Amino acid sequence: MGAPTLTSEVDLRTALGPLVLATPVMPASGCFGPELATIVPVGSLGAVVTKTIFSARRSGNRPHRLTETAAGVLNSIGIPSPGVATFRSEVLPRYRAIGVPVVVSIGGLRVEEYWQITEELHDEAVDAFEVNVSCPNLERGGLTIGANPDQVGEVVAGVRARTDRPVLVKLTPNVTSVVEAARVAESVGATALTVANTFLGLAVDLRARRPVLGNAMGGLSGPAVKPLALRLVWEASRAVSVPVIGCGGISSATDAVEFLLAGASAVQVGTATFARPDTMAEMVEELPAALGLAGASSVHEVVGQLQVGNDCLADDTLGVPGASDGAGGGRGARCHPTFRKLPTCEAGVP
Amino acid sequence: MTAGGAPTVPDLPPDPTETGALPLDDGQASATWAGSGDAGPADGSLVMLDAPATGARPSLTRAAVVSNDHLGDRYWRMRLLAPDIARHTQPGQFVMLTVTPSGPSNWVLPRPMAVADRDEMQETIDVVYGAHGWGTRQMAAIGARDELTVVGPLGNGFRLEPTTRHLMVVGRGIGLCSLSLLAVAASQRGAAVSAVLSARHREANVLVPFFEAVPDSRVVTALDSDGSSDPQVLGPELRILLEETPAQQIATCGSRRLLRMCSALAEATGATLQVAVEAHMACGMGYCHGCSAWVQGVDQEGPLVCRDGPVFAWLPAGR
């Protein structure tokens, strides 16, 4: 480990394809609004991300829309949207006024709706699109588009064909393998992948014998999901060559560096902003010191540098060490001498 | 959700409304109507108040704790040094409050709490809370000189109507915290104030001294312990009071039963009625859309409790 580095020497820049960000910290969609710029510093953010915009105006779900759980928040807001006209005239200018790159999150209830909103925002000053594929597909009985890699490919390919801006794809974690959708999104031209959205869950009001949320199920976020998101970032980033943006339970600069090590090139902060609206600004301030703890003086030198016993893994596995048959001794597994002391390897080593 | 007198179950999951900052709950298993998903109970409906002409912008303050005192029963009062909020808060407005600003907070969500009192000279605000959830028990352990993160003032507060010469406030439990500054404002404007203070029992009615100190006020207490809080008992009593001294305006917070009672009183006496409601909140400013007051329609987002409320006008069904 190197010595901690002076703040002034630390390079916080990061790149999402052609989009270079001054810092790797940005809000998660839906957890930020221009209102915040009036109470906390936002100039140090790498970008801002809008709430997901639909072409048509729509309301959100019935209340309750959120509830606190152990170390987390469960929400089912339902993505209320003012529609594209109001977004262009009233919402987008307020994001632009913040002075950092603006990522516009887009959604749709049908594949074509994603393409439509991309076209409608074609002329606007949008620095990148983030495709929110965690929307129910009304053409497929309300199943989440993101859960079907073919549909992810269809949506993203169509968006890609309609804009020359960077296209980020925000993947859902509610799948068996995030890798599949990640590879498909990359293959049809995604510039970067946001990993991940919230994890489906349920909260119960025992007195009322009802789900707490009006929509019954909701998405879990907050510190509770951080290890889950780290795992997904690690898996996805190893499977694709485009940058990954980590998202899930990040609330401090050290959290951010953990995600960078796991393979993220940037991070999004959501739930943490609710309790402490200046979380992201603080994170940027503390990032040089946190990078120093990892022996680094720039963001790019830690991205994906998580040191694991890769050689212990079966060739066809992207899981944790020992996940393959025989705890490291499975087909295709090779153990580097360095890792022979690891309990997960030992059992399989002659 | 549990502000009104539900049994304390320490190991229930945390509830962002456990502080009952803006409660609307009888302590029974009733959800607020923000939770019912409909436009509200059939005996009336919420109507958005006009936005105030001049609203002070909220600010983020690392507020030092001046004092944190046990008031009685399970209730505590925390006094915070927050000059801007003390200066600008209007009756019925609230703050979002988070413990342990340094390091990861134990609270994932901040707590909405009504500003129960403010002192411009001392630059302080008071919040009153019931220490019965894990979050609020943590709060009760906070000592003077600790710092909290406070965002406020937030929300659309009560309107004191120019024609109001007699104001009746009707509140229960922590809901009274939303009404206290309104009573003060009315009194300062020369209006008479009737304060109807409902609680489980006498020791839990911790804001009685506050309302008694409001000049030209008359305090009516209503308790579960002696049956006087029952709307069937309290309603007729207040009806007589209002016939003797008509009120132009009624304001309520903290109980659905009391709201229904106030709705009938307002309808019978011609008074206007405003109500402060609660909701599960995350951002407190509107950007997360977590606290929808009701669903307006498939293509239109309804008002948000944090931004468009927490105070709404109440229109009795018959009016």
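Residues numbered from 1 in each chain as written. Chains lettered and ligands numbered in written order. Predicted model: local features only at pLDDT ≥ 70, side-chain atom pairs only at ≥ 80, totals over all residues. Heavy atoms only, no water.

1. Regarding the overall build of chain B
No. 1: Helix and strand counts for chain B stand at 7 helices and 14 strands.
No. 2: For chain B, long-range pairs separated by at least 24 residues make up 72% of all intrachain contacts whose partners lie at least 6 apart in sequence.
No. 3: When the accessible surface of chain B is summed, it comes to about 11500 Å², and 51% of that surface belongs to carbon and sulfur atoms. (Helix = DSSP H or I, 4+ residues; strand = E, 2+ residues; numbered from the N terminus. Contact = heavy atoms within 4.5 Å. Areas by Shrake-Rupley, 256 points an atom, 1.4 Å probe, with all protein chains shown as cover.)

2. As for the overall build of chain A
No. 1: Looking only at helices and strands, chain A has 9 helices and 18 strands in total.
No. 2: Across the 350 residues that make up chain A, the buried fraction comes to 56%.
No. 3: Looking at chain A as shown, the accessible area adds up to about 13800 Å², and 53% of this sits on carbon and sulfur atoms. (Buried < 20%, exposed > 50% of the residue type's maximum accessible area, 1.4 Å probe, protein only.)

3. Brief notes about the interface of chain A and chain B
No. 1: Contacts between chain A and chain B engage 43 residues on the former and 47 residues on the latter.
No. 2: Roughly 3700 Å² is buried in total at the junction of chain A and chain B, and carbon and sulfur atoms are behind 59% of that figure.
No. 3: Among the residues chain A hides against chain B, the three largest losses belong to A:Glu68, A:Arg207 and A:Phe274. Together they make up 20% of the total.
No. 4: Where chain A meets chain B, there are 4 salt bridges.
No. 5: Note that A:Asp278 is salt-bridged to B:Arg62, the shortest N-O span being 2.4 Å. (Buried area = accessible area lost by both parts, 1.4 Å probe. Salt bridge = Lys/Arg side-chain N within 4 Å of Asp/Glu carboxyl O.)

4. So, the sheet that holds strand E4 (residues 48-49) of chain A
All names here are of chain A.
No. 1: The strand order E3-E18-E17-E12-E11-E8-E7-E4 describes an open sheet built from 8 strands, whose pairing is parallel. With one partner strand each, in any of the chains shown, strand E3 (25-27) and E4 form the two edges of the open sheet.
No. 2: For strand E11 (residues 167-171) and strand E12 (residues 192-195), the ladder comprises 4 bridges, and the chain directions are parallel. Bridging across to E12, leucine 168 finds its partner in alanine 192.
No. 3: Packed onto the sheet, helix H3 (residues 149-162) meets strand E7 (102-106), strand E8 (128-132) and E11 and runs at close to 160° relative to E11.
No. 4: Against the sheet, helix H4 (residues 178-187) touches E11 and E12, its axis set at about 165° to E11. (Pairing = 2+ DSSP bridges. Axes fitted to C-alpha atoms, helices over the stretch in contact; angles between N-to-C directions.)

5. Describing the domain arrangement of chain B
Residue and element names in this part refer to chain B.
No. 1: The domain boundaries assigned to chain B delineate domain 1 (8-53 + 157-316) and domain 2 (59-154).
No. 2: Every contact between the two is made by 35 residues of domain 1 and, on the other side, 31 residues of domain 2.
No. 3: Taken over both partners, the interface formed by domain 1 and domain 2 buries close to 2800 Å², and the fraction arising from carbon and sulfur atoms is 65%.
No. 4: The interface formed by domain 1 and domain 2 contains 1 salt bridge.
No. 5: In this structure, the salt-bridge partner of aspartate 73 is arginine 200, at a minimum N-O distance of 2.3 Å.
No. 6: Scanning the region where domain 1 abuts domain 2 turns up 4 residue pairs in polar contact (both at pLDDT 80 or more).
No. 7: Looking at the side of domain 1 that touches domain 2 element by element, the count peaks at 4 residues for helix H4 (residues 180-188). (Domains from an automatic or database assignment. Polar contact = N/O pair within 3.5 Å; in protein donor to acceptor, adjacent residues only side chain to side chain.)

6. Observations concerning empty space enclosed by the protein
Residue and element names in this part refer to chain B.
No. 1: Scanning the entire structure with this criterion turns up 7 cavities of 30 Å³ or more.
No. 2: Computed from the structure, the largest cavity encloses a volume of approximately 50 Å³.
No. 3: Around the largest cavity, the lining residues are Tyr75, Gly173, Ile174, Leu176, Cys177, Ser198, Ala199, Ala204, Asn205, Val206 and Leu207.
No. 4: Grouping the constituent residues of the lining of the largest cavity by class yields 8 nonpolar, 3 polar and no charged. (1 Å grid on protein atoms, 1.4 Å probe; cavity = no way out; pocket = protein on both sides within 12 Å on 5 of 7 lines; lining within 4 Å. Points joined across faces, edges and corners; volume = space filled by probe spheres on them. Nonpolar A, V, L, I, M, F, W, Y, C, P; charged D, E, K, R; others polar.)

7. A word on the packing of aromatic side chains
All names here are of chain A.
No. 1: On inspection of all chains with the given rule, the structure shows 4 aromatic pairs over all chains.
No. 2: Over the ring of phenylalanine 54 we find arginine 58, and its NZ or CZ is 4.4 Å from the ring centre.
No. 3: If you follow arginine 238 out to its NZ or CZ, it ends over the ring of tryptophan 234, 4.4 Å from the centre. (Phe/Tyr/Trp six-rings, centres within 6.5 Å; stacked < 30°, edge-to-face > 60°. Lys NZ or Arg CZ within 6 Å of the ring centre and 35° of its normal.)

8. Quick look at the confidence of the model for chain A
No. 1: Per-residue pLDDT for chain A has a mean of 88; in total, 86% of the residues score no lower than 70.
No. 2: When the criterion is pLDDT under 50, residues 314-350 of chain A qualifies, and its contacts beyond four places in sequence or with other chains add up to 52 contacts. (pLDDT = per-residue confidence, 0-100.)

9. Points about the sheet that holds strand E9 (residues 166-172) of chain B
Residue and element names in this part refer to chain B.
No. 1: A sheet is described by the order of its strands in space; here 7 strands give the open sequence E1-E14-E13-E12-E9-E10-E11, paired in mixed fashion. Looking along the sheet, the strands with just one partner apiece sit at the ends: strand E1 (44-48) and strand E11 (217-223). In this sheet, neighbouring strand axes are inclined to one another by 25° on average, regardless of whether the strands run parallel or antiparallel.
No. 2: Here 7 bridges tie strand E10 (residues 192-199) to E11, and the two strands are oriented parallel to one another. Across the sheet, alanine 195 pairs through a bridge with valine 219, a residue of E11.
No. 3: Against the sheet, helix H6 (residues 231-244) touches E9, E10, E11 and strand E12 (249-253), its axis set at about 165° to E11.

10. Some thoughts on the nonpolar core
No. 1: Counting 130 residues, the largest nonpolar core has A:Val104, A:Val169, A:Leu193, A:Leu291 and B:Ile250 as the members making the most contacts within it.
No. 2: Among the elements that line this core, the one with the most residues is helix H5 (residues 226-239) of chain A, at 7 residues.
No. 3: Residues contacting A:Val104, with those up to four places away along its chain left out, are A:Thr50, A:Ile53, A:Phe87, A:Leu92, A:Leu121, A:Val126, A:Ala128, A:Phe129 and A:Glu130.
No. 4: In this structure, B:Phe158, B:Ala195, B:Ala199 and B:Val311 belong to the second largest nonpolar core, which totals 31 residues. (Core = buried A, V, L, I, M, F, W, Y, C linked by side-chain atoms within 4.5 Å.)

11. Focus: unusual backbone geometry
Excluding glycine, residues mostly carry a negative phi; peptide bonds, for their part, are mostly trans.
No. 1: Cis geometry marks the peptide bond from A:Pro63 to A:His64; its omega dihedral reads -10°.
No. 2: Secondary-structure assignment places A:His64 in the loop between E4 and strand E5 (66-69).
No. 3: Following B:Gly309, the chain continues to B:Pro310 via a peptide bond in cis, the omega torsion being 5°.
No. 4: For B:Pro310, the position within the fold is in the loop between strand E13 (272-276) and strand E14 (311-316).
No. 5: Unusually for a residue other than glycine, A:Ile79 sits at a positive phi of about 50°.
No. 6: Along the chain, A:Ile79 turns up in the loop between strand E6 (72-75) and helix H1 (84-96).

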